[in-house]
Amino acid sequence: MSDRICLFGAGGHGRVVAGQIKARLPQTDICFGDAQKPVGSTVNGCSVEFATPQVVRDARLIVTIGDNALRARLQQAAIEAGVPMAVFIADPDRYFAEPPGEGSMVLAGAVVNSDARIGAGVIVNSGAIIEHDCAIDVFCHLAPGCILAGDTVLGACVFVGAGARIVNQARITARTVIGAGATVIRDITEPGIYAGTPARRIAALPG
Ligand SMILES: CC(C)(COP(=O)(O)OP(=O)(O)OC[C@H]1O[C@@H](n2cnc3c(N)ncnc32)[C@H](O)[C@@H]1OP(=O)(O)O)[C@@H](O)C(=O)NCCC(=O)NCCS
């Protein structure tokens, strides 16, 4: 298998992941894909080579787009087109669980503890802490510095904002958005946007 990774999404998150891969795996050749940047341009010294994830060739793919629904759509389209996926764990010495699902990225400073399970296409962003026995379903995004106490269960496509905290054993229903700095102290069963301490529902999900 090629030691080349295509990061689809050359925005802020993609540049973060590229920088961390360069630092941690300097032998890896990185290129970008992006629907909005011209093929042939460069971003942080890496060439943009693909306009859609389905046409990625000679590289394994990670979709580096923070939006959960879009990341899910692009990853699934790429898999259906036969594109192989990669996984990136910036600090394997802080990762104490089974490997995450395909396309997932666990960024610098994050800690993942015993028996946590992480599905496909998940972003565990820099400095997030996933405690023992948490179950993170596919295409969640755990923003920098958030903390999930032990046994927490996240449904698919949940977003946990920067610095948010979730008490142990909470169940969070799919697609929930938890605002930056929130403290979730009980289960969330109604999809929506939640913020504050304790976290309360402030809005319905868009769309
Ligand atoms: C929660 C969030 C998604 C809401 O965004 P939004 O729907 O655009 O909401 P608005 O900015 O219109 O704010 C609506 C109300 O909620 C409040 N609010 C918004 N975010 C809040 C937060 N994180 N904590 C507490 N209150 C918050 C606003 O003050 C506003 O209150 P008001 O109606 O009394 O004026 C967003 O503010 C947020 O926290 N995003 C996470 C950002 C992040 O962590 N990014 C990391 C990327 S890697």
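Residues numbered from 1 in each chain as written. Predicted model: local features only at pLDDT ≥ 70, side-chain atom pairs only at ≥ 80, totals over all residues. Heavy atoms only, no water.

## A few points about the nonpolar core
In this structure, Ile136, Leu142, Leu148, Leu154 and Val160 are the most contacted members of the largest nonpolar core, which totals 30 residues. Apart from the residues lying within four places of it in its own chain, the contact partners of leucine 148 are Ile129, Ile130, Glu131, Cys134, Ile136, Leu142, Leu154, Val160 and Ile166. Membership of the second largest hydrophobic core comes to 18 residues, among which are Ala10, Ala18, Ala86 and Leu107. (Core = buried A, V, L, I, M, F, W, Y, C linked by side-chain atoms within 4.5 Å. Buried < 20%, exposed > 50% of the residue type's maximum accessible area, 1.4 Å probe, protein only. Contact = heavy atoms within 4.5 Å.)

## As for the side chain of serine 104
As for its placement among the helices and strands, serine 104 is situated in the loop between strand S6 (88-89) and strand S7 (105-106). Classification of serine 104 as buried rests on a relative accessible area of 0%. When residues no more than four places from it in sequence are discounted, the contact partners of serine 104 are Ala86, Val87, Phe88, Ile118, Gly119, Ala120, Gly121 and Val122. (Helix = DSSP H or I, 4+ residues; strand = E, 2+ residues; numbered from the N terminus.)

## Things to note about the site of the ligand
The environment of the ligand is made up of 14 residues, and the closest members are Gly161, Ala162, Gly179, Ala180 and Ile202. Backbone polar atom of alanine 162 to an oxygen atom of the ligand: 2.7 Å apart, as the coordinates give it. Between alanine 180 and the ligand, the recorded distance is 2.9 Å, taken from a backbone N or O atom to an oxygen atom. Surface burial for the ligand is 37%, taken as the share of its 910 Å² of free accessible area covered by protein chains. Grouping the amino acids of the shell around the ligand by side-chain chemistry returns nine nonpolar, five polar and no charged. (Near = heavy atom within 4 Å. Polar contact = N/O pair within 3.5 Å; in protein donor to acceptor, adjacent residues only side chain to side chain. Areas by Shrake-Rupley, 256 points an atom, 1.4 Å probe, with all protein chains shown as cover. Nonpolar A, V, L, I, M, F, W, Y, C, P; charged D, E, K, R; others polar.)

## What to know about the domain arrangement of the protein chain
Looking at the assigned domains, one finds that the protein chain contains domain 1 (4-80) and domain 2 (87-194). For domain 1 versus domain 2, the distance between C-alpha centres works out to 22 Å. Facing 18 residues of domain 1, the contacting portion of domain 2 comprises 21 residues. The contact between domain 1 and domain 2 buries some 1,500 Å² in all, and 59% of this surface belongs to carbon and sulfur atoms. Together, Gln20, Arg24 and Asn68 form the three largest contributors to the area buried by domain 1 at its contact with domain 2, with a combined 33%. The interface formed by domain 1 and domain 2 includes one salt bridge. Ionic pairing is found between arginine 24 and aspartate 91, a salt bridge with its closest N-O pair at 2.6 Å. There are twelve residue pairs in polar contact (both at pLDDT 80 or more) connecting domain 1 and domain 2. Mapped by element, the contributors of at least two residues to the side of domain 1 that touches domain 2 are helix H1 (12-24), strand S5 (60-63) and helix H2 (68-80). Along the lines of polarity and charge, the residues of the side of domain 1 that touches domain 2 split into nine nonpolar, seven polar and two charged. (Domains from an automatic or database assignment. Buried area = accessible area lost by both parts, 1.4 Å probe. Salt bridge = Lys/Arg side-chain N within 4 Å of Asp/Glu carboxyl O.)

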